[in-house]
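# Fold and geometry: a report
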Amino acid sequence: MDLIELIKQERPFAPSLQIKQIISLESKAAISGESFQIIDAIGKKYKLRRCENEEKAKEIEAHVRRLPRYFPRFYGRDRYYLLFEWMDGELFQDMENISPEICYKVGKIMGEAHALEELDPHKKVGKWYAGRFREIKKAGILDEENLAKVQLFYKNHRKKLQLDVVLEFHDAGLPNLMYKEGRVYYVDEGGFGKKVKGLGLTKPLRWMKTAGQKEAFWRGYNEHYSSDYFDNDYQRFMEFLQLLRTLAWLPKKGRDVTEVKKRLLELIS
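Residues numbered from 1 in each chain as written. Predicted model: local features only at pLDDT ≥ 70, side-chain atom pairs only at ≥ 80, totals over all residues. Heavy atoms only, no water.

## Concerning the overall build of the chain
A tally of regular secondary structure across the chain gives 9 helices and 10 strands. Against the globule reference of 18 Å for 269 residues, the chain gives a C-alpha radius of gyration of 19 Å, in line with a compact fold. Within the chain, the fraction of its 269 residues that count as buried is 49%. Considering only intrachain contacts with a sequence separation of at least 6, the fraction spanning at least 24 residues in the chain is 68%. If you sum the accessible surface of the chain, you get close to 13,900 Å²; carbon and sulfur atoms cover 48% of it. Within the chain, the 41 negative side-chain charges are centred at a point lying 3 Å from the centre of the 49 positive side-chain charges. (Helix = DSSP H or I, 4+ residues; strand = E, 2+ residues; numbered from the N terminus. Rg over C-alpha atoms; globule rule 2.2 N^0.38 Å. Buried < 20%, exposed > 50% of the residue type's maximum accessible area, 1.4 Å probe, protein only. Contact = heavy atoms within 4.5 Å. Areas by Shrake-Rupley, 256 points an atom, 1.4 Å probe, with all protein chains shown as cover. Lys, Arg positive; Asp, Glu negative; His and termini not counted. Charge placed at Lys NZ, Arg CZ, Asp CG, Glu CD.)

So this is what it looks like as structure tokens:
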């Protein structure tokens, strides 16, 4: 059944929410297909997320409640549905210029998340890596020679780095950040979860092009958490993991892997 029809049938948050219209938010940037704009009987807009199961919905709910000020207003959970305020701000991807001051605020957000020091000792980096490696191999994205290079790069870097799995904003790309009335919001609640510490830093450091932007970002980050751990080797390894993550995900959505594959091979060469 089509997800929109399923939502109509399941009637989340009824009777307080009377759904009049449902619009999918799936796009090239938002590829999960789980998020929708909801318009109620009096024309008020909301964002609704339909998670894959109730366990996942509870996990996202718990994470959002840890730093609620950086998300649009969260109304609550109904089974595997999450309901948020619909925010009409300016997405970073639509901004002509992202000032150092805004980058500073992004740094503060990411530093505050790490300052929570919410470690997950049960999640293992090696298990996560092995899963992504198997997916890439199964999809036939890399030949045997390059798969061996990936394995060697992982082995050489992993053994010399201390890696913790923590709560962090791990998908801080331009489509997931919004600016409104002097504040920065993170609008991908599913992209705030337990990942290798620092993995999420790779995306903003990629879209920040100037030294001024990056200096401001680190200034904001270091107000809450020290970046001493994030040296050149660590950053390079995080970039490696992020590229593997993307390379494993893209084929599932029928997306082209050429550019990401090129970046990965350049990194490990």
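## So, helix α1 (residues 3-10)
Every buried residue of α1 is accounted for by Leu6, Ile7 and Glu10. Projected onto a plane normal to the axis of α1, the buried residues spread over an arc of 100° and lie on a single side. Turning to α1, the residues buried within the fold contact β1 (19-24), β2 (35-40), β3 (45-50) and β5 (81-85). You can read the cap of α1 off the contacts: a side-chain oxygen lies 2.9 Å from the backbone nitrogen of Ile4, and it is on Asp2. Two residues or fewer past α1, Arg11 is found with a positive phi of approximately 45°. (Arc of directions from axis to C-beta. Polar contact = N/O pair within 3.5 Å; in protein donor to acceptor, adjacent residues only side chain to side chain.)

## Here's the deal with unusual backbone geometry
With an omega of 5°, the peptide bond between Ala14 and Pro15 qualifies as cis. By the element assignment, Pro15 lies in the loop between α1 and β1. Of note, the phi angle at Arg79 is positive, near 55°, even though the residue is not glycine. Secondary-structure assignment places Arg79 in the loop between β4 (74-78) and β5. In this structure, Glu181 takes a positive phi of about 50° despite not being glycine. Within the element layout of this structure, Glu181 appears in the loop between β8 (177-180) and β9 (183-186). By relative accessible area, which is 74% here, Glu181 ends up exposed.

## Things to note about the environment of Phe71
Take Phe71: it is sitting in the loop between α2 (54-64) and β4. Owing to a relative accessible area of 3%, Phe71 belongs among the buried residues under this scheme. For the pair Phe71 and Tyr186, spaced 115 residues apart in the sequence, the C-alpha separation amounts to 5.4 Å. Excluding its chain neighbours within four sequence positions, the residues that come into contact with Phe71 are Val64, Phe169, Tyr185, Tyr186, Glu189 and Phe192.

## Describing the sheet that holds strand β6 (residues 90-91)
Taken in spatial order, the 3 strands of this open sheet run β6-β8-β9, and their pairing is antiparallel. Each end of this open sheet is capped by a strand with a single partner; those strands are β6 and β9. Note: β6 against β8, 2 bridges, orientation antiparallel. Bridge pairing links Leu91 to Met178 in β8. (Pairing = 2+ DSSP bridges.)

## Considerations on the pairing of β4
Note: β4 against β5, 4 bridges, orientation antiparallel. Residue Phe74 lies in a different strand from β5, and its bridge partner there is Phe84. The hairpin turn running from β4 into β5, its antiparallel successor, is 2 residues long, and Arg79 in that turn takes a positive phi close to 55°.

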